[in-house]
Amino acid sequence: MAAGGSLRVPRRYWYADDGVDYERRALLAERHRKLPPGKRFQITRLERELEIALVDAPFGAMAPAELTPVPVPEKVGRHHAAARQFRDQKHRHEVSRALVARATRLIHAIATEAQLRSWEVSGPNPDGVRRSRGADLRVLAAGHTLGLRLFEERVHPRGAWEREVHHYRNVSSESSFYRDRPFPRGPYDADATGRLRLELLPESSMTFAERQWRWGDRSSWTLEERLPHLFREIEERIVLAKEAAEVQRIEAEEDAERARRAAEERERQWLVHMEQAKERLVEEHRAEWLGGQASAYAEIQRLRSYIEATAAAYGEHEETAQWLVWAQNYVKQRDPLGKPPVMPRVPEATPEALQPHLPSGWSADGPHEGPRRHPGYGRQY
């Protein structure tokens, strides 16, 4: 603000070991609402700098979403269908057997709260063995799909792990072929830490840089206590997605208007070029006609000189006289000045006739057509 609304700072590249990442700082400032009300950052990447401008938010300041309590029951009489699906698809589990019940209650609580907010909820896809980063729950909120992955730290996907253990159960670690390859040994949850984590997976347009996407157990809180933050994050992403969609709509309308104006201007220029091409076609035709008439007149003069010389030399010869009579009639019939010259007719303005008289890059077929190709030569004109 002291710099007048914009600031240029050094740009930090991904491969640099030092320096300040101002772009990330700006994004974090937006995320944690450190900007003046109704303002947003506009970041422009220059060659070696960033220009960070403080601009008006397109729809004003986003009101912070409230933290609404999300109850997680200790006992559940009947789990939500998505929770039952999570519980029963054991091959997908990334939680230890000791925490399956707790994880199921968490899925149940999230699905129940999502439905209270009129969101659609579905469980994991009935796919094969889960290997990594699959969604355990999918939420359709305001037309946007979000995937939620619940897992325990240092726990392998159960189905894939057990299949690998079964596959290599009789393979010796001393085998020369497998000597340098680590083998899965023991239960899939042998290294479980007891700490659960929940992730928002980037499955839709509601993916935003530098926003929180992971919550988990910590020494100061449990994952159950962070569920209100999860739902606040989803609510805020809905607002941001609506704003982004509105900005895209406005930009699309502006692009369409610019395209329409450009098309109208190109059509106007095309009409001008076509009129000029018609004028050039007529002028060229008249010039060719005039040149033909002059050539014909010169030829007639040459023939007349020949006839006069022949008559002077052999006019009294009977056979020559007959020839001279025919020659004189021939010259008389073809003399361009035998009658008053008139303007030649206007040639037909076909696209083929007009194309050579258009500037490069324009087509006689229309304002938006590409240049024509010369028939038989494969070149453009």
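Coordinates for the structure precede this section.
Residues numbered from 1 in each chain as written. Predicted model: local features only at pLDDT ≥ 70, side-chain atom pairs only at ≥ 80, totals over all residues. Heavy atoms only, no water.

Novice: So what about the overall build of the protein chain? Which residues, and what values?
Specialist: For the protein chain, the helix and strand inventory stands at 7 helices and 8 strands. Burial analysis of the protein chain (381 residues in total) assigns 34% to the buried set. Sequence separation of at least 24 residues holds for 66% of the intrachain contacts in the protein chain that already meet a minimum separation of 6. Of the roughly 24500 Å² of accessible surface on the protein chain, 51% is carried by carbon and sulfur atoms. (Helix = DSSP H or I, 4+ residues; strand = E, 2+ residues; numbered from the N terminus. Buried < 20%, exposed > 50% of the residue type's maximum accessible area, 1.4 Å probe, protein only. Contact = heavy atoms within 4.5 Å. Areas by Shrake-Rupley, 256 points an atom, 1.4 Å probe, with all protein chains shown as cover.)

Novice: Give a description of the packing of helix α2 (residues 81-88) against helix α3 (residues 100-116) that names residues and reports values.
Specialist: Where α2 meets α3, the axes come as close as 8 Å, and the angle between the chain directions of the two elements is 155 degrees. Taken as axis vectors, α2 and α3 run roughly antiparallel relative to one another. Where α2 crosses over α3, the two elements pack in a sense that is right-handed. On α3, the residues that touch Ala-82, Ala-83, Phe-86 and Arg-87 of α2 are Ala-103, Thr-104, Ile-107 and His-108. (Axes fitted to C-alpha atoms, helices over the stretch in contact; angles between N-to-C directions. Parallel < 35°, antiparallel > 145°, perpendicular 65-115°, else oblique. Left-handed = near helix turned anticlockwise from the far one by under 90°.)

Novice: Explain the pairing of strand β6 (residues 144-152) to me, using residue names and the numbers behind them.
Specialist: Within β6, 8 of the 9 residues are buried, leaving the element largely enclosed by the surrounding structure. Linkage of strand β5 (residues 137-141) to β6, two consecutive antiparallel strands, is achieved through a turn of 2 residues, within which Ala-142 is found at a positive phi near 55 degrees. Note that β6 and strand β7 (residues 196-201) share 6 bridges and pair antiparallel. When the bridges of β7 are listed, Leu-148 appears paired with Leu-200. (Pairing = 2+ DSSP bridges.)

Novice: Can you tell me about the sheet that holds β5, naming the residues and giving the values?
Specialist: Spatially, the 5 strands line up as an open sheet ordered β4-β5-β6-β7-β8, and their pairing is antiparallel. Pairing within the sheet leaves two strands with one partner each, and these edge strands are β4 (120-122) and β8 (214-216). The mean inter-strand angle of the sheet, taken between neighbouring strand axes irrespective of direction, is 20 degrees. Where β7 lies against β8, 3 bridges are found, and the strand directions are antiparallel.

Novice: Now, about the pairing of strand β3 (residues 49-56): what can you tell me, with residues and values included?
Specialist: On a regular strand, each side chain points to the face opposite its neighbour's, so the side chains alternate between the two faces of the sheet. As paired strands, strand β1 (residues 6-10) and β3 are joined by 5 bridges and run antiparallel to one another. Residue pairing for β3: Ser-6 is matched across the bridge by Ala-53. Pairing of strand β2 (residues 39-45) with β3 involves 7 bridges; the strand directions are antiparallel. In the strand pairing of β3, Gln-42 is matched with Ala-53. Hairpin remark: β2 followed by β3, antiparallel, with 3 residues in the connecting loop.

Novice: I'd love a proper account of the environment of Gln-85, names of residues and values included.
Specialist: Mapped onto the elements, Gln-85 comes out in helix α2. Classification of Gln-85 as partly exposed rests on a relative accessible area of 26%. On a C-alpha basis, the gap between Gln-85 and Leu-137 in space is 9.5 Å, while along the polypeptide they are 52 residues apart. Dropping the residues within four chain positions of it, Gln-85 is found in contact with Gly-123 and Pro-124.

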